[in-house]
Amino acid sequence: MLEEEKKMSGILYLVATPIGNMEDMTMRAIRILKEVDLIAAEDTRDSMKLLNYFDIDTPTTSYHEYNRYDKGRILIDKLLQGTNIALVTDAGTPGISDPGEVLVQMCYEEGICVVPVPGAVAGINALIASGQKTRSFAFEAFLPSEKTDKKERRMVLDRLKNESRTIILYEAPHRLVKTLEVLRETLGEERELTICKELTKKHEKFLKTTIGQAIEFYREEKPRGEYVLVIAGKSQEEIRMEKEAEFANVTIEERLRQLINEGTPKKEAVRMVADERGISKREVYQVSINL
């Protein structure tokens, strides 16, 4: 697109809103919502409560999961005509586990400027307060539904089974126990997790426990509110023990022969076997001399 045409286009603002506590609304977010020509909201009824609270009278339109493509095209046309639009989700940052990502992709295809207006993200707030490792993490949002996408759900669970990073999941109260039971089958009942409930709200709570203990707790205590599960990744000790079990009945020499027969150069095979078993390359090299 020509530079002159880009300048004529409007801007899509991705405006983060509070996830519970109205005091988390930023001054910049309020200003942007007042200044734009249109606000695209996931649920206009929910967003109206926020807009009324901050005396924002900007026109609104709906943009949600079920109209994300058709309505997205309409919003793109408005942006191309010079309309400035703010996108908001029900709570938190748009584009995270909601249809906002589709609209952003459309904007990039048309050369439309996208501007983030930062604020609350439930997953990040849960992570930093969870007591779990924060250096790296895997964000999965809600698990795919067992009813509508069983294959995708199985793929995600298989991936989580071997995940060594901290895992972040969202869950609704009526599905919490069922999800915990699925996680027990996948990760084991002794896996640590922190259950974060009603973040930034009056009944905010953090429960650092294990999957097995959490199931017992919520069978007695009916889940209420919205939940974020922050789950410890597979430990290096677990990974080491699994590798030892995997190769318990296969000697170093047998494994080397297998790799070399598959076409792996001997030097690379030595490195691979050493890495697999957590031993020195020198030890593996001594065995390879006799091959």
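Located above this text is the structure these notes cover.
Residues numbered from 1 in each chain as written. Predicted model: local features only at pLDDT ≥ 70, side-chain atom pairs only at ≥ 80, totals over all residues. Heavy atoms only, no water.

Caption draft 1: A look at the pattern of salt bridges. What the rule picks out here adds up to 17 salt bridges. The salt bridge involving glutamate 110 is made with arginine 73; its shortest N-O contact spans 3.4 Å. Linking glutamate 110 in helix H5 (residues 100-110) with arginine 73 in helix H4 (residues 70-80), this pair joins segments that are 37 residues apart in sequence. Taking relative accessible area as the criterion, glutamate 110 reaches 23% and is therefore assigned partly exposed. What makes arginine 73 partly exposed here is its relative accessible area of 34%. Put simply, glutamate 198 and lysine 201 hold a salt bridge, and the shortest N to O gap is 3.6 Å. Using a relative accessible area of 15% as the deciding quantity, one classes glutamate 198 as buried. (Salt bridge = Lys/Arg side-chain N within 4 Å of Asp/Glu carboxyl O. Helix = DSSP H or I, 4+ residues; strand = E, 2+ residues; numbered from the N terminus. Buried < 20%, exposed > 50% of the residue type's maximum accessible area, 1.4 Å probe, protein only.)

Caption draft 2: Main features of the packing of helix H11 (residues 252-261) against helix H12 (residues 266-277). It is the contact of H11 with H12, at a shortest axis distance of 9 Å, that shows an interaxial angle of 135°. Accordingly, the angle class assigned to the pair H11 and H12 is oblique. Crossing of H11 against H12: the hand is right-handed. Taken together, the residues of H12 that come into contact with H11 (itself represented by Ile252, Arg255, Leu256, Leu259 and Ile260) are Lys266, Ala269, Val270, Met272, Val273, Glu276 and Arg277. (Axes fitted to C-alpha atoms, helices over the stretch in contact; angles between N-to-C directions. Parallel < 35°, antiparallel > 145°, perpendicular 65-115°, else oblique. Left-handed = near helix turned anticlockwise from the far one by under 90°. Contact = heavy atoms within 4.5 Å.)

Caption draft 3: Up close: the sheet that holds strand E2 (residues 38-41). With parallel pairing, 5 strands are arranged side by side in an open sheet as E3-E2-E4-E1-E5. The two strands at the open ends of the sheet, each matched to only one other strand, are strand E3 (60-62) and strand E5 (113-117). Here the average twist between neighbouring strands, direction ignored, is 25°. As defined by bridge partners, strand E1 (residues 11-15) adjoins strand E4 (residues 85-88) across 3 bridges and the pair is classed as parallel. Pairing of leucine 14 across the sheet is with leucine 87, part of E4. Taken strand by strand, helix H3 (residues 44-53) contacts E2, E3 and E4, and its axis lies near 155° from that of E3. (Pairing = 2+ DSSP bridges.)

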